[in-house]
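Listed below, chain by chain, are the residues.
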Amino acid sequence: MRDFLGTFAISLILCYVFLLFGGVFIFENFWAILVLVAFIIAILITVFIHQETKIEELEARIKTLESQSEPKE
C-alpha cells in the first residue's frame, strides 16, 4: 500500500504539471480529471511493479529447482 501511495503521489504531480501547461483548456474540471488520471496511472504502475517482483521470484525458484535436479543422461 505504501508503494501505491508513493506512485500515486508521483503520478499526481506529473499530471498536475501536464495540466498546468495547457491541459486545463481541454478539460473543464481540473481537479477531478487530475485525480482520476493520476489514480489510473498509479494503478497501472503498481500492477507492473508487482508483476515484475513476482517474475523475479519465479525466476529465482526456477533456478533453485534446476540446480537441485540432476541431469538424467
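Residues numbered from 1 in each chain as written. Predicted model: local features only at pLDDT ≥ 70, side-chain atom pairs only at ≥ 80, totals over all residues. Heavy atoms only, no water.

Draft legend 1. Expanded view of the packing of aromatic side chains. Throughout the structure, instances matching the rule amount to three aromatic pairs. Aromatic side chains Phe4 and Phe39 sit 6.0 Å apart centroid to centroid with 85° between the ring planes, which places their arrangement in the edge-to-face category. A residue pair is termed long-range when its members are at least 10 positions apart, and Phe4 in helix α1 (residues 2-20) and Phe39 in helix α2 (residues 30-68) qualify at 35 residues. Given a relative accessible area of 16%, Phe4 falls into the buried group. Ring-pair connections join several aromatic residues into one group, and the members of that group are Phe4, Phe8 and Phe39. (Phe/Tyr/Trp six-rings, centres within 6.5 Å; stacked < 30°, edge-to-face > 60°. Helix = DSSP H or I, 4+ residues; strand = E, 2+ residues; numbered from the N terminus. Buried < 20%, exposed > 50% of the residue type's maximum accessible area, 1.4 Å probe, protein only.)

Draft legend 2. Molecular detail of α2. An ideal rise of 1.5 Å per residue puts 57 Å on 39 residues; α2 measures up with 57 Å between its terminal C-alpha atoms. Along α2, the residues classified as buried are Phe30, Leu34, Ala38, Ala42 and Thr46. (Expected span 1.5 Å × (residues − 1).)

Draft legend 3. Examining a nonpolar patch on the surface more closely. On the surface, Leu36, Val37, Phe39, Ile40, Ile41, Ile43, Leu44, Ile45, Val47, Phe48 and Ile49 cluster together into a nonpolar patch covering about 930 Å² of accessible area. The exposure class assigned to Phe39 is partly exposed, which follows from its relative accessible area of 39%. (Patch = residues over 30% accessible without salt bridge, like charges linked within 9 Å, V, L, I, M, F, W, Y side chains within 5 Å. Areas by Shrake-Rupley, 256 points an atom, 1.4 Å probe, with all protein chains shown as cover. Salt bridge = Lys/Arg side-chain N within 4 Å of Asp/Glu carboxyl O.)

Draft legend 4. Layout of α1. Compared with an ideal rise of 1.5 Å per residue, which puts 19 residues at 27 Å, α1 spans 27 Å between its outermost C-alpha atoms and is within 8% of the ideal. Looking at the buried residues of α1, the elements they touch are α2. (Contact = heavy atoms within 4.5 Å.)

Draft legend 5. Examining the packing of α1 against α2 more closely. Closest axis-to-axis distance for the α1/α2 pair is 8 Å, and the angle between their directions is 135°. Viewed along their axes, α1 and α2 adopt a mutual orientation that is oblique. Relative to α2, α1 is oriented so that their crossing is right-handed. (Axes fitted to C-alpha atoms, helices over the stretch in contact; angles between N-to-C directions. Parallel < 35°, antiparallel > 145°, perpendicular 65-115°, else oblique. Left-handed = near helix turned anticlockwise from the far one by under 90°.)

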